[in-house]
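What follows is the residue order along each chain.
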Amino acid sequence: MQGMIPEDVAKEMEGDPRLSALLADLQEALRSAEDMDSLERVRVAFLGRKGKITSLLQGIRELPAEERRRLGRLGNALKGHLEEELGRRRERLLVEELEESLHRERIDITLPGRHVNFGTRHLLSRIIEEIEDIFVGMGYRVVEGPEVELDYYNFEALNTPDWHPSKSLQDTFYVEVPGGDYEDVLLRTHTSPVQVRVMESTPPPLYVIAPGKAYRHDVPDATHSPMFHQVEGLAVDEGISLGDLKGTLEVFARKMFGEDRRVRFRPHFFPFTEPSAEVDVSCNICGGGGCRVCKGTGWLEILGAGMVDPNVFSYVGYDAEKYSGFAFGMGVERIALLKYGVPDIRFFFDNDLRLLRQY
Amino acid sequence: MRVSLQWLAEYVDLELDAWELAELLTASGTAVESVEKVAGEWRGVVVGRVLEASPHPSADRLTLCKVDVGGEVRDIVCGAPNVAAGILAPVALPGARLPDGTVIGEASIRGVTSQGMLLSEKELGVSEEAEGIMILEEGAREGMDLGEALAAEDTVLVLEITPNRPDCLCMLGVAREVAALTGKELRRPSFSIAETGDPAEGEVRVEILDGDLCSRYVARLIDGVSIGPSPWWMRKRLRGAGVRPINNVVDVTNYVMLELGQPLHAFDYHLLEGGHIIVRRASPTDALTTLDGVQRGLSPDDLLICDSSGPVALAGVMGGENTEVSPGTVKVLLESAHFDPASIMRTSRRHDIASEASYRFERGVDPGGCRYAADRAAFLMQELAGGAVRPGAVDAVAREIEPLRLRMRVGRSGRLIGIPLSQHEAVGILRSLGMGAVAVSEDEVEVEVPTFRPDLEREIDLVEEVARLYGYERVPSTLPRTASNVGQLTFAQRMRRELARVLVGAGLHEAITVSFIPSSWLDVLDRERECLPSEVLRLRNPLSEEASIMRPSLLPGLLEALRFNLNRRIMDVHLFELGRVFLPREGEKLPGEPLRLACAITGRWVPKQWDRQPEEADFFTLKGIWELLACSLHVEGWSLRRATFPFLHPPRSCALMLNGEAAGYMGMVHPRVAQHLEIPAQTAVMEVDVEPLLQAVRAVPEYREIPRFPAVQMDLAVVVGDEVDAGAVEAVIREAGGELLREVRLFDLYRGEQLMQGEKSLAYNLVFYALDRTLRDEEAQDIWREIVRSLGERLGARLR
Ligand SMILES: [Zn+2]
C-alpha cells in the first residue's frame, strides 16, 4: 500500500475510524494478492457491487452534506488508487508469466544449423577473374581466341622461326583434321596467338587481355601439365614505352600479390617481343631473404613481357613507326601455386572436392 | 653455361664478389640460375713426393714407397702401376677423409705398415680415373694442402643463355658482358706460335663445294704431337664446364671452344686420304660411322667433311671414327670452320645428335673468328702436346661475311624505352659491347655490328642492347595514357560469370577437367555415334591413348572427376564445368569450339541431419537447379522435350530446348554407362550449349504490374491416368484458366490405395487476380469450373 495513496490523503483517512479500518482491510487483502485470482478477489471485495468501497460510497448519501463531500472525495480517491494498483499488479504478473513460458521454449543453439548446400568456384577461375578485374579497371577489354590454332598464329606471325625447337612434336601437340591432311593445325602453346588475331581485326589503339587454356607436350608432374591456363595482355597505342610496361605490371603485381611486394624486371628473350623482360615479385614466404620456394633468390618469376616486335606489327599491318606496344603473358597455375601454396599443378585438374572446397 | 670465376678472371678483372656479379648479370639479361661454390672436399690430403719406390717383399703388385710429405718421410704401400720415384702425388695422411666418406687410417698391408695412402683421381672424387695414382705437376710444394695445390677452390656461375645470345656460350663472350657492365677492359688471350717445318699449304688442300652451308674453313697442321692426358688445370676447367677430358689434343679443341666459342675438330692427318678436305652435301652413296660408333644413313641435306675417299665427319655435329685422334696419332689436322645454323640444326635433329659443337653452330658461331680460334688451339697443342705447328693456315673462304651496318635513331629509341637518352650515352653503351658506333647526325648513330653478334639485325635490336645495359631498373615506371579507353566485360562475359555464380550458390563445385579424353570413352558413351559426332579431333602426337581426343563433350571429363572423388570415398559429388568442346567442321581447318555448361550430381543432395532424413540427388534435383538458373538469368523460351540419348536412362532423359532448338540434354546416366564407369546409376547429368542459352537471356527484364487488388486462392485436385504427364495437365489448366489465372503450383502427387491401379492424383494451388479490380469469388469459381470441365474433356480427368 505504501506509495499507492499520496501521503496527505492517507493521513486524512487515518483520522476517520471507518476509513482507517477500510484501509487496514485493504492493506491486509493486498499483501497476500500474488496471482490473478487473488487480485480479482480483492477487486470484488472492495470495488464489486457489494464491495467495501462501493458500499462506503453508497452509504454516504444519508450523511450531512459536508461530511458526504469529504467522504465522497476520499472514497473516490481510494477507489481510483486501488484500480491503478490492481492494474499495475496484473501487468507485472502477465510479464512474469510470459517470461516463464518463453523459458520453457529454450533451444540448444549449439546444434548444427540446417544444411544448405555449399558450392565453390574453381581456384583457377577465381584467379582469372581477379586478373580480369584488375585490367578491366585499367581500361582493358577481355578477348578470346581458339584453343586449336594454326601454326601461322601460334608461331609464324609471332616471329618464331620455322626451325624453333618449341615447334617440335616433343613440345607441341598437333591435331589431325578429319578429311584434311594439314600439318599446321595445333593446340596453341600459349595465349599469344590471340594478340595476332585481335590486331588483325582491330585497329589501334588497343588494350586487351586474353585469358584461356594452352597446351604443351609435357608429361604431367608437380610443375608441368599438358594443359594449363594463361592470361595474355596487349597494349598498342602511340607512344607506348618500356616504362609504361613496367608501370602497368607493377600495378598489376601489387594488386595481385600485395601492396608491399617489390617487382623486378630482368632482360630476357622472346621471339615476339623486343626488348623483352621477365618479371619477378619479391618472395612472400621468406620476404626476400631466400627460401626453398624462391630457390634462394628471394624472387618469384611470375610473367614474361616485352615491347611488341616490329615484325609482329608488320604481320598484322600495323605501322610500327607510328605505334608501339607491349605484351605480356602469365601462367595462372603458377600464380595459384605461389599465391595459395598449392604444391602440385596436377591437383588443379583432379577436381578433388577436398581441394575445391578449400577455396 | 657453367662459368668458373677463376677462369673468367683471365679475361676481365673481377672486383665484385660472385653474388654481386650474379646480380649484375641477371639484371642485364644473362640470368644466373645458381652460384656454386666448388671446393676440394679433402681433409688431411697433402702433396707428397715419392723419394723411393721398391717392390713389396711379399706381393708382386705392391710397391713400398718413401714419401716426403713436407719435412717428414713416411712409408706408404701403393698398388698403382704408375708409381715411381720422383713424382708428386696426393697423399692421404691417417685421419684424412675422402669425398666418399672413407676415413684413412694406418694399415698393415701384407706385413708392412702403411702410414698413409697415395690416391687416384677416382678416390679424390675428381674423375672416374682409377687406373693409377694422380700425378701432380711440378710446382707444388711437399706438404702443401692438396686443395691449395690444385687451386681447387672456385665459384661457378650457372648461366641461362637465351637462344639469341650464342656469343655468350663461351668464356670470352661472358667476359665481354662483364667488361661492358663493369667498365673494365676485356683481355683476349695472347700467345705466340713457334711455327716450324714445311708450310701446311703443301700438305693440305681445302675445297668448299657447298658454300651456302659453309662460308669458311680454316685448317692448320700440327706435327709430332704426343698424345697423353692434359694437365690438371685444363682437365679441371673442362670438367667444371661439363666436358669430359679425353686426351691433350681433343681436350684442346674443347677448351678453345669453351674459351672462344668456336667449335673445332682434330683429324688424325695420316688417316685423311690425300690430305684433302672437301666440304659438300652428302650423296646417296655416302656412309659414315660417327665417333659414337653409330653408322649413319645420310641425307642430301647433311653437310659432310670428306677426304679424297669419302666422308670423315658430319660437319659441325660429330667427327667420324675413321679419322679419329688416337693414342698413336702424331700429326693433326685442325679444323676451324663456319657452318650454316639451320643446316646444322636439321642434321643434328635428323640424327638425334646434340653435341657441344652442334649446339653452338645451331645458334650461330662468329664467322669472323675461325682463324683466331685455329691459332689459339694450335698454340695450345704446341704447348701441351709438344706439337710442331706448321707455318701458315689453309684458309678457304667461300663467302665473306661482312659486319652489318645499322642506324639507330637516338630520340626514338629513348622514347620507346621511356628514358631521356643522349647520343653520348647510346654510343658509350654500344661501344662497351664491342660495336663500332659513330654519331652521324644530331640524332642518328651508325653502328657496325661485330660478326660475333648475329642477333643484332635491326634498329630495335640495338634499342634492346641500350635498354638492358642502361638497366631496366633505372627506367621510370609510367602508365599509358588510356583516358579515352573504357574497360568493360561484354554482356556474354558478365553472364558467364553470373551463370557460374548461380550454380555455386545452388551448391555445385566448379571443376576444370583436361580437354583430352581417351578414345574408349566415346564407345562407352555412344557406340553408334548417335549423339556425339562421328568425326572427332584426334591428336597426332598424344601423350598416351588415354589422352588422344579433343573432347566433343564435357561429360567424359566430368564423370571422370566424379569417379576420382568416389574412389576417395567422397560419395556426394555435385560438379559443374564451363568449358569448350571441339567439333570438327566440314571444309574448315579449325574446329568449332562451342562453350558448354555441364553438371553432374550423385549421392545425397541433402545429407542426413539430426532432425531430417537425407535427400538423394536425382533428376528433379538437377531440373530444380536448371530452373533456378533459368529464373535467375531470365532465360526465356526454354522447355524440356522427352528424348533418348545413348548414354542416358531412356525414359528418364530429355532434350533441353531453347527457342525451339535442341541445345542440350538432361537425365540420369544409363545403367550400362554407370556400370562401365563404376559410378552409381543414381547420377544426374546435363549439358547445354552456352551461346543459345545466353541468346535466350532477356538482358533487361520487362516491368510487370504488381497487383493492387487481393487475389483469390483455390485448390484443385484431379485424378488422371498415370500415363498423363503433369506438364499436360498444367497446360490444360493454364489454357482453360485464361489470363485471370496467374499462378499454378503443383503441391501434391498421390498414387495408392485410395485410387485405382494406373491412376494418380495431382493437387494444385491456383491463384487468380485482376489488375483493375477486386476479383469476386464467383468469378474465380466460374473459371475453376471451366478448368475442371476442360480437364475432364481433354484428359479424362475427374475431381478427387
Ligand atoms: Zn623465398
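The structure reproduced in this document is the subject of the present report. Note that the structure is predicted; figures quoted are calculated from it, not measured.

### A word on the overall build of chain B
Point 1. Assigned secondary structure in chain B consists of 21 helices and 41 strands.
Point 2. Its C-alpha radius of gyration of 42 Å places chain B more than 25% over the 28 Å reference for a compact globule of 800 residues.
Point 3. For the C-alpha atoms alone, the extent of chain B along its principal axes is close to 130 × 85 × 60 Å.
Point 4. Relative to its 800 residues, chain B shows a buried fraction of 54%.

### Notes on the sheet that holds strand β28 (residues 537-539) of chain B
Point 1. On the basis of which strands lie adjacent, the open sheet formed by four strands has the order β3(A)-β28(B)-β29(B)-β27(B) and antiparallel pairing. Looking at strand neighbours, the two that pair on one side only are β3 (175-176) of chain A together with β27 (516-517) of chain B, the edges of this open sheet.
Point 2. Relative to strand β29 (residues 549-550) of chain B, β28 of chain B is paired through two bridges, and the arrangement is antiparallel. Bridge assignment links R538 of chain B to a residue of β29 of chain B, and that residue is I549 of chain B.

### What about the packing of aromatic side chains?
Residue and element names in this part refer to chain A.
Point 1. Counted by the stated rule, this structure contains 22 aromatic pairs over all chains.
Point 2. Taking the centre distance of 5.2 Å and the plane angle of 25 degrees together, the rings of F135 and F252 count as stacked. Here F252 lies in helix α9 (residues 242-257) and F135 lies in helix α6 (residues 123-137), a separation of 117 residues in the sequence.
Point 3. On the accessibility criterion, F252 (0% relative accessible area) is buried.
Point 4. Ring pairs connect the aromatic residues F135, Y140, Y207, F252, F326 and F328, which therefore count as one cluster.
Point 5. Sitting above the plane of the Y153 ring, R197 keeps its charged end 4.0 Å from the centroid.

### Quick word on the coordination of the zinc ion
Residue and element names in this part refer to chain A.
Point 1. Distances from the zinc ion to its protein donors, C283 (SG), C286 (SG), C291 (SG) and C294 (SG), fall within 2.2 to 2.3 Å.
Point 2. What the four donor atoms of the zinc ion show is an angle range of 105 to 115 degrees at the metal, which sorts the shape as tetrahedral.
Point 3. For the zinc ion, the donor residues sit on a single chain with the sequence spacing C-x2-C-x4-C-x2-C.

### A short note on the pairing of strand β7 (residues 263-270) of chain A
Residue and element names in this part refer to chain A.
Point 1. Counted residue by residue, β7 has six buried out of eight residues, so it is predominantly covered.
Point 2. Sheet topology places β7 next to strand β8 (residues 273-282); seven bridges connect them, and they run antiparallel. Residue H268 lies in a different strand from β8, and its bridge partner there is S276.

### Quick look at the state of the cysteines
Put plainly, a disulfide is one covalent bond tying together the sulfur atoms of two cysteines.
All names here are of chain B.
Point 1. All told, the structure shown has zero disulfides over all chains when counted by the stated rule.
Point 2. Take C168: it sits in no disulfide, and the sulfur closest to it among the cysteines is that of C170, at 7.6 Å.
Point 3. This cysteine, C370, is not joined by any disulfide, and C214 carries the nearest cysteine sulfur, 8.0 Å off.

### Digging into unusual backbone geometry
Residue and element names in this part refer to chain A.
Point 1. The omega torsion of the bond from P204 to P205 falls at 0 degrees, within 30 degrees of zero and hence cis.
Point 2. Looking at the secondary structure, you find P205 in the loop between α8 (193-201) and β5 (206-215).
Point 3. Cis peptide bonds are those with omega within 30 degrees of zero, and the linkage from E274 to P275 qualifies with -5 degrees.
Point 4. Secondary-structure assignment places P275 in strand β8.

### A look at the interface of chain A and chain B
Point 1. In this complex, chain A contributes 97 residues to the contact, which on the side of chain B involves 93 residues.
Point 2. Note on chain A versus chain B: buried area summed over both sides is about 8,000 Å², and carbon and sulfur give 55% of it.
Point 3. It is N117, P267 and E274 of chain A in chain A that bury the most area against chain B; as a group they hold 8% of the surface buried on that side.
Point 4. Counting across the interface, chain A meets chain B through 15 salt bridges.
Point 5. Linking R409 of chain B and E321 of chain A is a salt bridge whose minimum nitrogen-to-oxygen distance equals 2.9 Å.
Point 6. For the side of chain A that touches chain B, a count of residues per class yields 46 nonpolar, 21 polar and 30 charged.
Point 7. As paired strands, β3 of chain A and β28 of chain B are joined by two bridges and run antiparallel to one another.

### A look at a negative patch on the surface
Residues and elements named next belong to chain A.
Point 1. Together, E34, D35, D37, E96 and E99 make up a negatively charged patch on the protein surface.
Point 2. Mapped onto the secondary structure, E96 falls in helix α5 (residues 65-103).
Point 3. Taking the relative accessible area as the measure of exposure, E96 reaches 44% and is therefore partly exposed.

### Points about the environment of V294 of chain B
All names here are of chain B.
Point 1. In this structure, V294 sits in the loop between β15 (287-289) and β16 (295-297).
Point 2. In this structure, the C-alpha to C-alpha distance between V294 and E321, residues 27 residues apart in sequence, is 9.2 Å.
Point 3. Other than its neighbours up to four places away in sequence, V294 contacts L288 and T289.

### A look at the environment of C214 of chain B
All names here are of chain B.
Point 1. Among the secondary structure elements, C214 is positioned in strand β12 (residues 214-223).
Point 2. You can call C214 buried: its relative accessible area is 0%.
Point 3. A C-alpha to C-alpha distance of 53 Å links C214 and R97, two positions 117 residues apart in sequence.
Point 4. Leave out the neighbours within four places in its chain, and C214 touches I208, V279, L303, H338, F339, A398 and R399.

### Quick look at helix α9 (residues 356-363) of chain B
Point 1. Residues A357, S358, R360, F361 and E362 of chain B constitute the buried set of α9 of chain B.
Point 2. Where α9 of chain B is buried, its residues contact α7 (248-260), β20 (332-339) and α8 (341-350) of chain B.

Reading the values: rules and limits
- In this convention, every chain numbers its residues from 1, walking through the sequence in written order.
- Note on labels: chains are lettered from A, ligands numbered from 1, in written order.
- Thresholds applied to this predicted model are a pLDDT of at least 70 for local features of residues and 80 or more for the giving and counting of side-chain atom pairs; totals over whole chains, interfaces and linings are not thresholded and use all residues.
- Only hydrogens and water are removed before side-chain values are computed, so all heavy atoms of the structure are retained for them.
- Strands are runs of DSSP state E lasting at least two residues, helices are runs of H or I lasting at least four, and both sets are numbered from the N terminus onward.
- With the radius of gyration taken over C-alpha atoms, the globule rule is written as 2.2 Å times the number of residues to the power 0.38.
- Classification of residues uses two cut-offs on accessible area relative to the type maximum, computed with a 1.4 Å probe and protein chains only: under 20% is buried, over 50% is exposed, and between them is partly exposed.
- Whether two strands pair comes down to DSSP finding at least two bridges between them.
- Aromatic contacts are taken between Phe, Tyr and Trp rings whose centres are within 6.5 Å, Trp giving its six-membered ring; a plane angle under 30 degrees counts as stacked, one over 60 as edge-to-face, and the others as tilted.
- To sit over a ring, a charge needs its Lys NZ or Arg CZ within 6 Å of the ring centre and within 35 degrees of the ring normal.
- Each metal's donors comprise the N, O and S atoms found within 2.8 Å of it (within 3.2 Å for Na, K or Ca). Water is not part of the atom list, so some coordination spheres may appear incomplete.
- In these descriptions, tetrahedral denotes four donors with every angle between 85 and 135 degrees, square planar four donors and octahedral six donors with opposite donors over 155 degrees apart and the rest between 65 and 115, and irregular any other case.
- Cysteine sulfur atoms are paired as a disulfide whenever they come within 2.5 Å of each other.
- Contacts were defined at the residue level, with two residues in contact if any of their heavy atoms lie within 4.5 Å.
- The term buried area refers to how much accessible surface (probe radius 1.4 Å) is lost by two components on association, counted for both of them together.
- Within this document, salt bridges are pairs made up of a side-chain nitrogen of Lys or Arg and a carboxyl oxygen of Asp or Glu, the two lying within 4 Å of each other.
- Classification convention: Asp, Glu, Lys, Arg as charged; Ala, Val, Leu, Ile, Met, Phe, Trp, Tyr, Cys, Pro as nonpolar; all other residues, Gly among them, as polar.
- What makes a patch is a set of residues exposed beyond 30% relative accessible area and free of salt bridges, joined within 9 Å when like-charged and within 5 Å when nonpolar (Val, Leu, Ile, Met, Phe, Trp, Tyr).
- The accessible surface values rely on the Shrake-Rupley method and a 1.4 Å probe; as for residues, cover is taken only from the protein chains in view.
- For the charge count, each Lys or Arg is scored as positive and each Asp or Glu as negative, with His and the chain ends excluded.
- Note on charges: their place is set at NZ of Lys, CZ of Arg, CG of Asp or CD of Glu.

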